[in-house]
Each structure stands twice: as C-alpha cells, then as structure tokens.
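This is what each chain is made of:
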Amino acid sequence: MSASTSNAAKKFDEGRLMQVLVAPIVSEKATMVADKSNAVTFKVLQDATKPEIKAAVELMFNVQVKGVSVANIKGKTKRFGRSVGRRDNVRKAYVTLQPGQELNFSGEAA
C-alpha cells in the first residue's frame, strides 16, 4: 500500500469514504472524457468534497489520482399528468488519474 493511500484512510473516516462514491457514470460523454484525459466519472454524494473524493478513489481502486473536478447538475422538472415533480440534483466528479494508471470496473484485480 502506498503512503498516500494510507494517509487518505487516516485523514478521513473509512466508512464515510466507502459511501462517497455512489456509482460510476457510463455515458457517451464520460467515455469521451476518459479517452481524452484519462479521467473517470462518478456520481458522488451531494456534500462530498474534492479531497474526500480523491481519498475514496485511491482507497477503493488502489490508483494514484492527479486531480478532481466536480459539477453540480440541477434536477430536471418533469410532469406526471397534472402533478409536477423534480428529479434529484446530482453531483458529478471527474477524477483524473496519473499517467499510466487505469481503472477497470469489471471486478477482477489488476
């Protein structure tokens, strides 16, 4: 285990880090970003911070993170017959990995 990974686990509560990453986002845009800049896109908790996201990715996937960018996406207003509802707001994290690092979601260890 590298020094940065163990520091990340000590700085933040490990249980909290396991909850920060909600799901990977797999879409055309996310795939284009991944090909272009070695970045992986995640849906994260609304109150997650950049250092928390970085620590969570390093802890769970055992990779070195170069940087984290976040975007808050407002939920769309949708109609259900007469009533009007709203989708949840989403916080996206674009996690850029160090050169040579790669992340696979297939489940097998590298």
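Residues numbered from 1 in each chain as written. Predicted model: local features only at pLDDT ≥ 70, side-chain atom pairs only at ≥ 80, totals over all residues. Heavy atoms only, no water.

Draft legend 1. Examining the overall build of the chain more closely. Scanning the chain from terminus to terminus reveals four helices and six strands. Ordered by position from the N terminus, the helices and strands of the chain form the series α-α-β-α-β-α-β-β-β-β. For the chain, with 110 residues in total, the buried portion stands at 31%. The contacts in the chain between residues at least 6 apart in sequence include a share of 63% that link residues at least 24 apart. Approximately 7,400 Å² of the chain is accessible, and the part contributed by carbon and sulfur atoms is 51%. (Helix = DSSP H or I, 4+ residues; strand = E, 2+ residues; numbered from the N terminus. Buried < 20%, exposed > 50% of the residue type's maximum accessible area, 1.4 Å probe, protein only. Contact = heavy atoms within 4.5 Å. Areas by Shrake-Rupley, 256 points an atom, 1.4 Å probe, with all protein chains shown as cover.)

Draft legend 2. Expanded view of the sheet that holds strand β1 (residues 21-24). Pairing is antiparallel across the open sheet formed by four strands, whose spatial order is β1-β2-β6-β3. The sheet is open, and its two borders are formed by β1 and β3 (65-73), each paired with just one other strand. Pairwise comparison of adjacent strand axes, ignoring direction, gives a mean angle of 30° for this sheet. As defined by bridge partners, β3 adjoins strand β6 (residues 90-97) across eight bridges and the pair is classed as antiparallel. Following the sheet pairing, Gly-67 is matched in β6 by Thr-96. (Pairing = 2+ DSSP bridges. Axes fitted to C-alpha atoms, helices over the stretch in contact; angles between N-to-C directions.)

Draft legend 3. Just the nonpolar core, in detail. Ranked by internal contacts, the top residues of the largest apolar core, which has 20 residues, are Leu-21, Phe-42, Val-44, Ile-53, Val-57, Val-95 and Leu-97. Every element with two or more residues in this core is listed here: α2 (14-20), β2 (39-44), α4 (50-61), β3 and β6. Here this core takes five residues from α4, the largest share from any one element. Excluding anything up to four places from it in sequence, Ile-53 contacts Val-20, Leu-21, Val-44, Ala-48, Val-68, Val-70, Ala-93 and Val-95. (Core = buried A, V, L, I, M, F, W, Y, C linked by side-chain atoms within 4.5 Å.)

Draft legend 4. Spotlight on unusual backbone geometry. Even without being glycine, Asn-38 reaches a positive phi, approximately 55°. As for its placement among the helices and strands, Asn-38 is situated in the loop between α3 (28-37) and β2. Assessed through its relative accessible area of 28%, Asn-38 is described here as partly exposed.

Draft legend 5. Expanded view of the pairing of strand β5 (residues 83-86). Here four bridges tie strand β4 (residues 77-80) to β5, and the two strands are oriented antiparallel to one another. If you follow Lys-78 over to β5, its bridge partner there is Gly-85. Linking β4 back to β5 in an antiparallel pair, the connection comprises two residues, with Gly-81 at a positive phi of about 65°.

Draft legend 6. Highlighting the pattern of salt bridges. One pass over the structure, following the stated rule, counts two salt bridges. Note that Arg-16 is salt-bridged to Asp-47, the shortest N-O span being 3.5 Å. Here Arg-16, found in helix α2, pairs with Asp-47, found in the loop between β2 and α4; they are 31 residues apart in sequence, far enough to count as distant. Of the charged contacts in the structure, one is a salt bridge between Glu-52 and Arg-16, with a shortest N-O distance of 2.9 Å. Residue Glu-52 is found in helix α4, and its partner Arg-16 is found in helix α2; the two are separated by 36 residues along the sequence. Each of Arg-16, Asp-47 and Glu-52 takes part in salt bridges that share partners, so that together they form one network. (Salt bridge = Lys/Arg side-chain N within 4 Å of Asp/Glu carboxyl O.)

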